[in-house]
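What follows is the residue order along each chain.
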Amino acid sequence: MPKLYRFFLPLLLSFSLLVGSVYLFLFIAVNPKTIQDSLVKTVEGMTQGEFSFQDFQISFFPRISAEAREARFFLKDSPVSAVHAAKVKFYWTFLSFLFRRSDLSRIEVSGAETNFQVPQGFLENIKLKNIRLRLGPIRSGIPLRMEIAGDLDEVSESISGSLILSPLKEGQALEWASLGLEGKIKLAHIPLSRLKLGQLEFFKNMVIRQGEVQAEGEFFKQAGTAVIEAQGKVGCRELSYELLKDTGKEVSPAFDGKFEFEASWDPLSDTLLIKRSVFQNSFIGTLELSGGWLSRTNEIK
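Everything numeric here is computed off the predicted structure, so don't read it as measured data.

Right, let's talk about the pattern of salt bridges for a bit. A complete count under the given rule lists nine salt bridges for this structure. Put simply, R276 and E262 hold a salt bridge, and the shortest N to O gap is 3.7 Å. Within this pair, whereas R276 is found in strand β14 (residues 271-281), its partner E262 is found in strand β13 (residues 255-266), the two being separated by 14 residues in sequence. A relative accessible area of 33% places R276 in the partly exposed class. Among the residues examined, E262 registers a relative accessible area of 30% and is labelled partly exposed. Via salt bridges that share partners, E67, R69 and K89 belong to a single interconnected network.

Moving on, we get to the packing of aromatic side chains. Tallied over the full model, the rule gives five aromatic pairs. Look at F51 and F73: their rings are 4.8 Å apart centre to centre, the planes differ by 20°, and that puts the pair in the stacked class. On the criterion of sequence distance, the pair formed by F51 in strand β1 (residues 50-52) and F73 in strand β3 (residues 65-74) is long-range, its members being 22 residues apart. Considered together, F51 and F73 belong to a single accessibility category, that of buried residues. Aromatic side chains F53 and F56 sit 5.5 Å apart centroid to centroid with 25° between the ring planes, which places their arrangement in the stacked category. Site record: aromatic cluster; members linked through ring pairs are F51, F53, F56, F73 and F90.

So, how was this worked out
Throughout, a residue's number is its position along its own chain's written sequence, starting from 1. Local features in this predicted model are restricted to residues of pLDDT 70 or higher, and side-chain atom pairs are both shown and tallied only at a pLDDT of 80 or more, whereas totals for entire chains, interfaces and linings draw on every residue. Only hydrogens and water are set aside when side-chain values are computed; all heavy atoms of the structure are taken into account. Note on definitions: salt bridges are taken to be side-chain nitrogens of Lys or Arg within 4 Å of carboxyl oxygens of Asp or Glu. Each helix is a run of H or I in the DSSP string that is no shorter than four residues. Each strand is a run of E no shorter than two, and both are numbered from the N terminus. Here's how the labels work: a residue is buried when its accessible area is under 20% of the maximum for its type, exposed when over 50%, partly exposed in between, all with a 1.4 Å probe on protein chains only. The pairing test for Phe, Tyr and Trp rings, Trp by its six-membered ring, is centres within 6.5 Å, and the orientation test on the planes gives stacked under 30 degrees, edge-to-face over 60, and tilted for anything in between.

Limitation: the analysis is restricted to geometry and does not speak to function.
Okay, here's the thing in C-alpha cells:
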C-alpha cells in the first residue's frame, strides 16, 4: 500500500499543479473585453438582432462562465420586439473556452420579461414576466434544446414548455424559413376574459365575462416552410359569456368545457387553418368546427 501511495501521490500533485497553472494563466491572460465581444457576436449572429448589457463578469471556478446583468435583446421582424433579462449566464467546457469560444455548453436566462404582440388584436398583447430560459449546447451540427417557464401577466408559474430547433450550420442565423422545430407548451389558470372575440365576424356580438383555461399542446415546423402544425387539449372552467342583442344583453350560466384541436398557422400570410376541433360541455353539448381564418381581413372560410 505505501508503494501505491508513492506512485499516485506525485501523479495527483502534478495533475493538480498543471490544472491550477492553466486556470491561473487564464485568470491573468484572458481579456474580459474580448470575451464580451465574442459573446455579443455569437448572440447577435444567431438572433439577427442586438444584444447589450450593463455589467459583465467572468468566473473560472468551479466552471468557466460569464455573467451579463441587466441584459437586453432587440429582435427584428418578430412578435417579440425586445426582451429584458436580469441575468444571462454563459457556460463553456474547458476545451471549448480554450479553442472555440462560440461553442457554448449552455445559456441560462433568469428574471426576463417581454411583451408579445398578437396579430390583429385577437388577444390582448401578452406580457411574460419572471421568465427562466435554459438552452444548449450551442454547437454547429447538433439540435438546440430550450426549456422555458414563468408568469403570464399576473398569473404565477402559468406557462412552461420545451423546444428543439433543427441543427444549425456554422455561422447560420435563426431564420424562420430555414428553421425546423418541435415543441410542447403548457398553460395554467389563464383568464379567458383576455380573449377579444369581437375581432372575428362570427363572434362580434360575444363578450367573455369570466372563466379560466388550462391547456397543453404540441407543435412542429419543418425546415423550408413557414407553416406551424399544432394539436392540443384545452379545458375551461366557470366560463360565462355575454351576447349583445338589439333587445339587450343575454348572459350565459357558468359552465365547464373541453376543447381539442388540430390546426396550422402561416405567419407570413396570417392564415389560421382549423383542421379539426371539438368542443364539449353539458350546456351546449358537442360542437365541431373546421375551416380557416385570414387575420388581415378577419375573413372566415
